[in-house]
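Structural overview for review
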Amino acid sequence: MQRNKQAVALLLAALAAAGSGPSLAADMAAAKAKAGQCFVCHGPDGVAKVPDAPNLAGQNEGYLVKALKDYKSGKRENEMMNAMAKNLSDQDIALVAAYFSSIVITVKAP
Ligand code: HEC
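A brief report on the enclosed structure follows. (Residues numbered from 1 in each chain as written. Predicted model: local features only at pLDDT ≥ 70, side-chain atom pairs only at ≥ 80, totals over all residues. Heavy atoms only, no water.)

Notes on the site of the ligand
- Near the ligand, the surroundings consist of 21 residues, among which Cys38, Cys41, His42, Tyr63 and Met81 are the closest.
- Contacts to the ligand include His42, whose side-chain N or O atom sits 2.8 Å from a nitrogen atom.
- In this structure, an oxygen atom belonging to the ligand sits 2.5 Å away from a side-chain N or O atom of Tyr63.
- Where the shell around the ligand is concerned, the elements lending two or more residues are α3 (39-42), α4 (61-73) and α5 (79-86).
- Looking at which element gives the most residues to the shell around the ligand, the answer is α4, with 5 residues.
- Taken together, the residues that form the shell around the ligand break down as 16 nonpolar, 3 polar and 2 charged. (Near = heavy atom within 4 Å. Polar contact = N/O pair within 3.5 Å; in protein donor to acceptor, adjacent residues only side chain to side chain. Helix = DSSP H or I, 4+ residues; strand = E, 2+ residues; numbered from the N terminus. Nonpolar A, V, L, I, M, F, W, Y, C, P; charged D, E, K, R; others polar.)

Some details on the packing of aromatic side chains
- By the definition in use, this model includes 3 aromatic pairs.
- A network of ring pairs unites the aromatic residues Phe39, Tyr99 and Phe100 as a single cluster. (Phe/Tyr/Trp six-rings, centres within 6.5 Å; stacked < 30°, edge-to-face > 60°.)

Concerning the side chain of Asp92
- Considering the arrangement of structural elements, one finds Asp92 in helix α6 (residues 90-102).
- Judged by its relative accessible area of 12%, Asp92 is buried.
- At 3.0 Å, the side chain of Asp92 forms a polar contact with the backbone nitrogen of Ser89.
- For Asp92, the residues in contact, after removing those within four places along its chain, are Lys34 and Asn87. (Buried < 20%, exposed > 50% of the residue type's maximum accessible area, 1.4 Å probe, protein only. Contact = heavy atoms within 4.5 Å.)

Regarding the nonpolar core
- Judged by nonpolar contacts, the single largest core of 23 residues is most densely connected at Ala35, Leu68, Tyr99 and Phe100.
- Taken together, the elements giving at least two residues each to this core come down to α2 (22-35), α4, α5 and α6.
- In terms of residue count, α6 provides more of this core than any other element does, 6 residues in total. (Core = buried A, V, L, I, M, F, W, Y, C linked by side-chain atoms within 4.5 Å.)

Examining α6
- End to end, α6 covers 18 Å across 13 residues, agreeing with the expected 18 Å (1.5 Å per residue, within 8%).
- Within α6, 10 of the 13 residues are buried, leaving the element largely enclosed by the surrounding structure.
- Of all the residues in α6, the buried ones are Asp92, Ile93, Ala94, Leu95, Val96, Ala97, Ala98, Tyr99, Phe100 and Ser101. (Expected span 1.5 Å × (residues − 1).)

Description of the packing of α4 against α6
- Relative to each other, α4 and α6 sit at 140°, their axes nearing to 9 Å. One element, α4, and the other, α6, form an angle in the oblique class. For α4 against α6, the interelement crossing comes out right-handed. Every residue of α6 that contacts α4 at Glu61, Leu64, Val65, Leu68, Lys69 and Lys72 is listed here: Asp90, Ile93, Ala94, Val96, Ala97, Ala98, Phe100 and Ser101.
- In terms of residue class, the contact of α4 with α6 is built from 9 nonpolar, 1 polar and 4 charged. (Axes fitted to C-alpha atoms, helices over the stretch in contact; angles between N-to-C directions. Parallel < 35°, antiparallel > 145°, perpendicular 65-115°, else oblique. Left-handed = near helix turned anticlockwise from the far one by under 90°.)

This is the structure in structure tokens:
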């Protein structure tokens, strides 16, 4: 838990320094690489590719972290996501949450 908070803090610090050079780009590249295993269902742009998967783009980072921890612990049940989350470390969870939450979405009024 503590380690995860530190990882998130580091990522947030990196995001706060947006545009300030290669370290952010490297962090986001690492986050994108880690999230690659999710793209088949949730899409590289966080817009779901299969009808039963939710869109993750722009979702709150804290919500994503909690959802993934709950799938990992089994508190939240879904066969597919329990299997996916089982293999994620706290740092992996911080990375993929940072990746999907960082995607900017634009919402058009109807
Ligand atoms: C094989 C398809 C598939 C893959 C691969 C997959 N997911 Fe999912 N994901 C789903 C489905 C289906 C749900 C809806 C589950 C439910 O109803 O709880 C879901 C739900 C979620 C949710 C909950 C969203 C919400 O609104 O509550 C998160 C977060 C999530 N996935 C993250 C990930 C991440 C991160 C990865 C990669 C490590 C991943 N998923 C890989 C299919 C997938």
